Amino acid sequence: MMQTIRLFIASIALAAVAAGGWFAYRLAGPPPLPRTATVLPAPADLPEFSLVDGHGNAFDRDSLRGSWSLLFFGFTHCPDVCPLTLQALASARQELETAGIEPLPRIVFVSVDPERDTAEVVRDYAAHFGAATTGVTGDMTQLRQLTNGLGIFFQKSNRESDNYSVDHSAVVLLVGPDAKFHALFGAPHEAANFVHDLPLIMASR
Amino acid sequence: MSGRFCILLAALLAAACAPGGAPLSADSIVVTRPLPGSGTSAAYLTLNNNSAEDIVITRVVSPEFASVAMHESVLKDGVSRMRPLARLVVPAHGTLGLEPGGKHLMLHGAGAASSTVTLHFFAGDTPLLTVSTVLED
């Protein structure tokens, strides 16, 4: 008889725990998912490349190891989309820092216009968006090696003019401390989307 | 900034924004400070056509910059493209917004450091509108 009562009580307790869990799930909802980022099922290797940063130091795949990085490909003579994107990234990083989120990603601006964007130019340009932004430029062959491996498109337009433009992919890539490609954000870019998605992605990897 | 210059700037702004006066007026004017390195700026504003005819702007000049180009940023298939525009059409009794990520003015070749910028809008050689504003970060 006692054994039957114990079993009954245990069943009730188990059911209560299950019901509590179910209610908690319903109240809290499922775990939040990234709002705009596309997260790769498994991190992808970056191609080998060798560029330079704004100070003339080598910038290669190993330079991306050790911290999360947001990579954006653009050119400094772009007055509209490029500064808007870099400003959105800088604002997002600032908001994450204010909220006490760690780790904080750094921002890497890779010029797709090495003809005009010398190391000095990308250094000054990147500094405009804060100390966490690094400007990168270099040899066209090496640049193609990186962009082709990541599916980043760029091409000069109205090339007959000295004041040419460069068509380029507007995506922002998230590279992990393992120097692997983890996620991408499609344009147009808003700081709020990065603020929402980055902590989720970084915590899940 | 001298008092005379302030008065001139205020007069220009008033003329640019006065409703019902000139056929073309402007508001919500933002011109970004030239970016370090490339020295390019972008201008965004709303153009208001107070007349019954379309107004066609064919060029914009600024004494503070070597060139001003009318551009449109287009995002298609994930690729950002910036295209020069030969003209800007402000519809009769309508507005045309020059906005981030869309139609805008690209200013290049900033001269001596200045905290203000003036934009002259033309239809051919005919002046249409002059606006002045303070550069923004």
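Quick summary incoming for the structure in this document. (Residues numbered from 1 in each chain as written. Chains lettered and ligands numbered in written order. Predicted model: local features only at pLDDT ≥ 70, side-chain atom pairs only at ≥ 80, totals over all residues. Heavy atoms only, no water.)

## Looking at the pattern of salt bridges
All names here are of chain A. In plain terms, the rule: A pair is scored as a salt bridge if a Lys or Arg side-chain nitrogen falls within 4 Å of a carboxyl oxygen belonging to Asp or Glu. Secondary structure elements are taken from DSSP: a helix is a run of H or I of four residues or more, a strand is a run of E of two residues or more, and numbering for both begins at the N terminus.
This model, assessed by the stated rule, comprises twelve salt bridges over all chains. The closest approach of N and O atoms between Lys180 and Asp45, which form a salt bridge, is 3.3 Å. Here Lys180, found in strand S10 (residues 180-185), pairs with Asp45, found in strand S1 (residues 38-45); they are 135 residues apart in sequence, far enough to count as distant. Residue Glu48 is joined to Arg61 by a salt bridge in which the shortest nitrogen-to-oxygen separation is 2.9 Å. Remark: Arg61 occurs in the loop between strand S3 (58-60) and strand S4 (69-74) and Glu48 occurs in the loop between S1 and strand S2 (50-53); sequence separation between them is 13 residues.

## Focus on the layout of surface pockets
Note the cut-off: Only protein atoms enter the 1 Å grid used here, on which a cavity is any set of points holding a 1.4 Å probe that cannot leave and a pocket is any open set flanked by protein within 12 Å on both sides along at least five of seven lines; residues with an atom within 4 Å of a point are listed as lining. Grid points are joined across faces, edges and corners, and a volume is the space filled by probe spheres set on the points. Only Asp, Glu, Lys and Arg are considered charged, only Ala, Val, Leu, Ile, Met, Phe, Trp, Tyr, Cys and Pro nonpolar, and every remaining residue, Gly among them, polar.
Estimated volume of the largest pocket: approximately 340 Å³. Every residue lining the largest pocket is counted, 16 residues in all, and those nearest its centre are Leu84(A), Thr85(A), Pro188(A), His189(A) and Gly101(B). With six residues, the top contributor of residues to the lining of the largest pocket is helix H2 (residues 81-98) of chain A. The residue makeup of the lining of the largest pocket, split by class, is eight nonpolar, seven polar and one charged. Put simply, the second largest pocket is a space of about 260 Å³. Pro83(A), Leu84(A), Gln87(A), Thr32(B) and Asp137(B) are, among the 14 residues lining the second largest pocket, the residues nearest its centre.

## Side note on the nonpolar core
Where we set the bar: Side-chain atoms within 4.5 Å are what join buried Ala, Val, Leu, Ile, Met, Phe, Trp, Tyr and Cys residues into a set we call a nonpolar core. Exposure classes here rest on a 1.4 Å probe applied to the protein chains alone. A residue is buried below 20% of its type maximum, exposed above 50%, and partly exposed in between.
Core analysis: the biggest nonpolar cluster contains 54 residues, and Leu64(A), Phe73(A) and Phe185(A) have the highest contact counts within it. Among the elements of the structure, S4, H2, strand S5 (106-111), helix H3 (119-127), helix H4 (140-150), strand S9 (172-175), S10 and helix H5 (191-204) of chain A are those that each provide at least two residues to this core. Take this core: its biggest share by element is seven residues, from H2(A). Core analysis: the second largest hydrophobic core is formed by 25 residues, Leu45(B), Ile57(B), Leu98(B) and Val117(B) among them.

## Re the interface of chain B and chain A
For clarity, the cut-off: Two residues qualify as a contact provided that any one of their heavy atoms is within 4.5 Å of a heavy atom in the partner residue. Buried surface area refers to the total accessible area, computed with a probe of radius 1.4 Å, that the two partners give up upon joining, counted for both partners together. N or O atoms closer than or at 3.5 Å make up a polar contact, with two conditions inside protein: a donor-capable atom paired with an acceptor-capable one, and, for residues adjacent in sequence, both atoms drawn from side chains.
If you look at the interface, chain B gives 24 residues, while chain A gives 26 residues. When chain B packs against chain A, the two sides together hide about 1800 Å² of surface, and 62% of this comes from carbon and sulfur. Put simply, chain B and chain A have two salt bridges between them. Residue Arg83(B) is joined to Asp167(A) by a salt bridge in which the shortest nitrogen-to-oxygen separation is 3.0 Å. The interface formed by chain B and chain A holds nine residue pairs in polar contact (both at pLDDT 80 or more) in total.

## Quick look at H4(A)
Residue and element names in this part refer to chain A. Filter applied, for reference: An arc is given here, and it is the one of the directions from the helix axis to the C-beta atoms.
Among the residues of H4, those classed as buried are Leu143, Leu146, Thr147 and Leu150. All buried residues of H4 lie within an arc of 90° about the axis, which places them on one face of the element. Those residues of H4 that are exposed and angled more than 90 degrees off the buried face are Thr141 and Asn148. Buried residues belonging to H4 abut S2, S4, S5, strand S7 (154-157), S9 and S10. At the N-terminal boundary of H4, the capping side chain belongs to Asp139, with an oxygen 3.0 Å from the backbone nitrogen of Thr141.

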